[in-house]
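Commentary on secondary and tertiary structure
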Amino acid sequence: MVLNENSISVMNFHYVRHTMDRFLADVCDAGVSRIELWAAAPHFYIGDKTLADARAFGHKVRGMDLEIVALTPEQCIYPINISAKEPELRDRSIRYFLDSLEFAVECGAPALLVAAGGGYRDEPASEALERCIDSMGLLCDRAQRLGIDLWMEALPDSFANIIRSAREIRELMDKLASPALYAVYDVAGAVMTHEQPEDYFAQLGERVAHVHFTDSDAGGSHLAWGEGIIDLDQLVAYLRQENYGGSLTIELTNWKYNVDPTPPLVQCVEAMRAALR
């Protein structure tokens, strides 16, 4: 698939202080046909939902001519960490993602996004990595049986002490050798890890399945397009050069957008639409 305006996707993160119905209506009003479902309270925390709820939500969004490109359960904060030293925390985290895979099936999402977590900074990172490999092996096996792809996103050093770069995602892929495991390139996240898009495509090539597509400041804050330092036209040209054909999700995690989420959504969509012509 060639990148065009139909590649635009929106995540509901910055609508956390508004209803899911408001988010879906704004996406439709903006002429966007794809969403990435941030599965978190108050919108869709799986601990408060049933598989029937997921099935109903999938039916609802398809009835609005929307496609769910991925299910992204909240996982960057306590108490989720698949690489945790404590067995009870790691086991709970694995169960969380196993359940999330079932929810992805029911709502019609073809992929589930996962981050590696990490270990204690005063203990060897290699120990956390071994726990990550063990956990991801379980998740990859279940994902493959269900026909769901797993999308791994690297996190900066302030969040994790393992899987912090495209190279480390590649090394994890090589160890697991799972056809279900792919990578996410997060534009602003890569600023935090001091990487360029070239790092992702050189290391991962066609295994880059998804892009979190926002502007960024020098510190990696996820900003609306036009408010940061990323050259949008240049980035689109590079992704086309690499024959990237997946979705481009607007993921606005800066809390300044939460009060009035519609203008930054429209701002991003208009900028991306112009660049993708």
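We now turn to the structure provided with this report. (Residues numbered from 1 in each chain as written. Predicted model: local features only at pLDDT ≥ 70, side-chain atom pairs only at ≥ 80, totals over all residues. Heavy atoms only, no water.)

1. Some details on the overall build of the chain
Within the chain, the secondary structure is distributed over nine helices and 10 strands. The principal-axis extent of the C-alpha atoms belonging to the chain is close to 45 × 40 × 35 Å. Looking at the chain residue by residue over its 277 residues, the buried ones come to 55%. Pairs at least 24 residues apart make up 77% of the contacts formed inside the chain by residues separated by at least 6 positions. As displayed, the chain has an accessible area near 11,900 Å², and 50% of this comes from carbon and sulfur atoms. Counting 24 positive and 42 negative side-chain charges, the chain places the centres of these two groups 4 Å from one another. (Helix = DSSP H or I, 4+ residues; strand = E, 2+ residues; numbered from the N terminus. Buried < 20%, exposed > 50% of the residue type's maximum accessible area, 1.4 Å probe, protein only. Contact = heavy atoms within 4.5 Å. Areas by Shrake-Rupley, 256 points an atom, 1.4 Å probe, with all protein chains shown as cover. Lys, Arg positive; Asp, Glu negative; His and termini not counted. Charge placed at Lys NZ, Arg CZ, Asp CG, Glu CD.)

2. Details of the nonpolar core
Judged by nonpolar contacts, the single largest core of 84 residues is most densely connected at M136, L150, Y200 and F213. A per-element tally of this core places helix α3 (residues 87-107) first, with eight residues. Y200 has contacts with A154, S165, A166, I169, V184, Y185, A190, E195, G205 and V208, leaving out every residue within four places of it along the chain. Judged by nonpolar contacts, the second largest core, of eight residues, contains V69, Y182, V184 and A209. (Core = buried A, V, L, I, M, F, W, Y, C linked by side-chain atoms within 4.5 Å.)

3. Here we look at the packing of aromatic side chains
Taken as a whole, this structure holds 10 aromatic pairs when the rule is applied. Ring geometry for F44 and F57: centres 5.6 Å apart, planes at 45°, overall tilted. Residue F44 is found in the loop between β2 (34-39) and α2 (51-63), and its partner F57 is found in helix α2; the two are separated by 13 residues along the sequence. F57 gets classed as buried once you look at its relative accessible area, which sits at 8%. (Phe/Tyr/Trp six-rings, centres within 6.5 Å; stacked < 30°, edge-to-face > 60°.)

4. Some details on the side chain of S216
Within the secondary structure, S216 is located in strand β8 (residues 215-216). Not counting residues up to four positions away in its chain, the partners in contact with S216 are A188, V191, S221, L223, G228, I229 and I230.

5. Quick word on the layout of surface pockets
Put simply, the largest pocket is a space of about 920 Å³. In terms of lining, the largest pocket is formed by 41 residues, of which the most central are F13, W38, E74, Q75 and C76. Put simply, the parts of the chain that give the lining of the largest pocket at least two residues each are β3 (67-73), α3 and α6 (187-192). Looking at the lining of the largest pocket, the element that brings in the most residues is α3, giving four residues. (1 Å grid on protein atoms, 1.4 Å probe; cavity = no way out; pocket = protein on both sides within 12 Å on 5 of 7 lines; lining within 4 Å. Points joined across faces, edges and corners; volume = space filled by probe spheres on them.)

6. Points about the packing of α2 against α3
Relative orientation of the contacting elements α2 and α3 amounts to 40°, with a least axis distance of 7 Å. Crossing angle aside, the handedness with which α2 passes α3 is right-handed. Together, L51, A54, R55, G58 and R62 of α2 and E102, F103, E106 and C107 of α3 make up the contact between the two elements. Here the contact of α2 with α3 is composed, by residue class, of four nonpolar, one polar and four charged. (Axes fitted to C-alpha atoms, helices over the stretch in contact; angles between N-to-C directions. Left-handed = near helix turned anticlockwise from the far one by under 90°. Nonpolar A, V, L, I, M, F, W, Y, C, P; charged D, E, K, R; others polar.)

7. Here we look at the pattern of salt bridges
In total, this model carries 15 salt bridges according to the counting rule given. Two residues, D26 and R22, come together in a salt bridge whose shortest N-O distance is 3.1 Å. Here R22 and D26 lie together in helix α1 (residues 20-29), a separation of four residues that amounts to about one turn. Within this structure, R121, D157, R164, R167, E168 and E171 form a network of salt bridges that share partners. (Salt bridge = Lys/Arg side-chain N within 4 Å of Asp/Glu carboxyl O.)

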